[in-house]
Amino acid sequence: MRISKSPWLLHYDGSSCNGCDIEVLAATTPRFDVERFGIINTGNPRHADIFLCTGGVNSQNQDVVRQIYDQMPDPKVVLACGICACDGGIFKDCYNILGGTDTVIPVDVYVPGCAVRPEALIDGVVKALKILDEKSEKMKRGEYRSLTSAEYAESLKKTDNKAEAAGMEEKDA
Amino acid sequence: MTVYSTAAVIIYLVFSPFIACLFSGVDRIVTARMQGRRGPKLMQPWYDIVKLFSKESTSVNDIQKILVMAHCFFAIFSGAIFFAGGDVLLVLFALTMAEVFLILAAYSVNAAYSEIGAQRELLQMMAYEPMTLLTAVGFYLSTGSFRVDEIINTELPLVIKMPGFFIGFCFILIVKFRKSPFDLSTSHHAHQELIKGLTGDLSGPGYGFSELAELYEEILMLGIAGLFFITSDPISFLWAFIAIVLIMFCMSLIDNIFPRVKWEVLLKTAWLVTLFAGGMNLVILSYIGK
Ligand code: SF4
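A brief report on the enclosed structure follows.

Rules of the game
Residues numbered from 1 in each chain as written. Chains lettered and ligands numbered in written order. Predicted model: local features only at pLDDT ≥ 70, side-chain atom pairs only at ≥ 80, totals over all residues. Heavy atoms only, no water. Helix = DSSP H or I, 4+ residues; strand = E, 2+ residues; numbered from the N terminus. Near = heavy atom within 4 Å. Nonpolar A, V, L, I, M, F, W, Y, C, P; charged D, E, K, R; others polar. Contact = heavy atoms within 4.5 Å. Buried area = accessible area lost by both parts, 1.4 Å probe. Salt bridge = Lys/Arg side-chain N within 4 Å of Asp/Glu carboxyl O. Polar contact = N/O pair within 3.5 Å; in protein donor to acceptor, adjacent residues only side chain to side chain. Buried < 20%, exposed > 50% of the residue type's maximum accessible area, 1.4 Å probe, protein only. Core = buried A, V, L, I, M, F, W, Y, C linked by side-chain atoms within 4.5 Å. Arc of directions from axis to C-beta.

**Brief notes about the environment of Met97(B)**
So, point 1. Assignment of secondary structure puts Met97(B) in helix α4 (residues 88-108).
So, point 2. Sequence separation of Met97(B) and Ala75(B) is 22 residues, and the distance between their C-alpha atoms is 8.4 Å.

**Regarding the site of the ligand**
Residue and element names in this part refer to chain A.
So, point 1. Taken together, Ser-16, Cys-17, Gly-19, Cys-20, Ile-83, Cys-84, Ile-90, Gly-113, Cys-114 and Ala-115 make up the full set of residues adjacent to the ligand.
So, point 2. Mapped onto the shell around the ligand, the elements with two or more residues apiece are α1 (19-27) and α3 (83-87).
So, point 3. Taken together, the residues that form the shell around the ligand break down as seven nonpolar, three polar and no charged.

**Points about the interface of chain B and chain A**
So, point 1. The interface is formed by 28 residues belonging to chain B together with 24 residues belonging to chain A.
So, point 2. Carbon and sulfur atoms supply 53% of the area that chain B and chain A bury against each other, a total of about 2,300 Å² over both sides.
So, point 3. For the chain B face of the interface with chain A, the top three residues by lost area are Arg37(B), Lys51(B) and Lys55(B), together amounting to 26%.
So, point 4. Where chain B touches chain A, the interface holds four salt bridges.
So, point 5. As a salt-bridge pair, Asp49(A) and Lys55(B) come within 2.4 Å of each other at their nearest N and O atoms.
So, point 6. On the surface where chain B and chain A come into contact, there are 12 residue pairs in polar contact (both at pLDDT 80 or more).
So, point 7. It is helix α2 (residues 44-54) of chain B that provides the largest number of residues to the side of chain B that touches chain A, a total of seven residues.
So, point 8. By residue class, the composition of the side of chain B that touches chain A is nine nonpolar, nine polar and 10 charged.

**Comments concerning the pattern of salt bridges**
So, point 1. Scanning the model with the defined rule gives 16 salt bridges over all chains in all.
So, point 2. Arg28(B) is the salt-bridge partner of Glu35(A), the closest N and O atoms lying 2.9 Å from each other. With one member in each of two chains, Glu35(A) in the loop between α1 and β2 (40-41) and Arg28(B) in helix α1 (residues 3-34) form a pair that bridges those chains. Considered together, Glu35(A) and Arg28(B) belong to a single accessibility category, that of buried residues.
So, point 3. For the salt bridge of Glu137(A) with Lys140(A), the shortest nitrogen-to-oxygen distance reads 3.9 Å. A residue pair is termed a helical-turn pair when its members lie 3 or 4 positions apart in one helix, as Glu137(A) and Lys140(A) do in helix α4 (residues 118-140) at three residues.
So, point 4. For Lys140(A), a relative accessible area of 51% puts it in the exposed group.

**A short note on the nonpolar core**
So, point 1. Residues Phe139(B), Phe169(B), Leu173(B), Ile224(B) and Phe228(B) are the most contacted members of the largest nonpolar core, which totals 78 residues.
So, point 2. Core analysis: the next-biggest nonpolar cluster, separate from the first, contains 21 residues, Ile50(A), Leu79(A), Val109(A) and Ala115(A) among them.

**What to know about helix α2 (residues 62-71) of chain A**
So, point 1. Among the residues of α2(A), those classed as buried are Gln62(A), Val65(A), Ile68(A) and Tyr69(A). Along the axis of α2(A), the buried positions cluster into a sector of 130 degrees, meaning they face one direction only.

Rendered as structure tokens:
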């Protein structure tokens, strides 16, 4: 059985302007009946498979985002919904904004838009489901485990250093 | 154990999850239709539970794992006693024990939502346990036995002698099936204030075990409801099945008509219903009995 037959999702509002949240909530109302696809809006990270994050990450909520992500059991996918969640968007240069969701946790699908359109959101979730299936297959074969947020931070540091090192080399040449 | 009871127990152990999933799948579709939606696929509850077991196994602490397994074991065990034709009292106490293990599991994680959930589960048990025990007493008064295999050996369906008990039992079934009130210790409804409360800190297979236990428990509760209709005549099993389907439908209907009942209302009404429906029936039955 594919795991995408029963995707439970969790919606977290980072520092969004609420525009994206309204779109996400509207898409999960009975009007559109996401239960058709087995989707349940859980509100509990321990039961969730898909993490919908809206808005950028700021210095206050970064730990919350990390904790939610770490509490979700594998396999899991993260969706950055809206341009703020993708890279900080309109709030990017604010003093308290660190950037998009991927500044603290690994993101699988980026859904652009300000606010994110329901069509784009649904498209994003469909893509996320495919990734979820792939991850679950790999996990069954014992080839996959997602990074914890701490490991992700480490890997970010390394790549940053790499980029710096690459820059130095260029200068030297 | 006779051949029949052995067969019944094996069927119960093997097929309960499928049957319970089928029941709750139909229930979810019916609920969706009542709300003007299409609803999930028929076997959606089955997909959900299979998914839970395929997820990563994480638990907050080791004790939690053991307690949830114990919960699952005792839930299955109490059903097995019932379908083997054992003592109803033993069934009910074993079930209570299962319940207590789940509550301990929730307390063991030391998390706010689990704790409130566990507390509400205790209150909820206090609300419905008197009625389940009264029902057992009712069975004894009308048949002279607590044993299931002797209880079903009657001429007339017991619901005729025990209408009050039946109403009371159906009332607590709504709670047992975690439908109404919406802010129960762990309600089935997506939006509820406790974020799954009692089961909030279970994840992956751990949550799967608690869901599995619930499926077995549902079959057991429906079995007890069926006991009101089953007589020595084999055709009565059909009546019992029809009655169970009707009960399930009424539960959905009530749940959809009163979607925002709170737990305080449950506490107040559960004992009232127990006292009036169960109590009056008990008094009448004990006089007739003599
Ligand atoms: S992307 Fe636009 S609508 Fe969405 S949170 Fe950012 S500013 Fe608001």
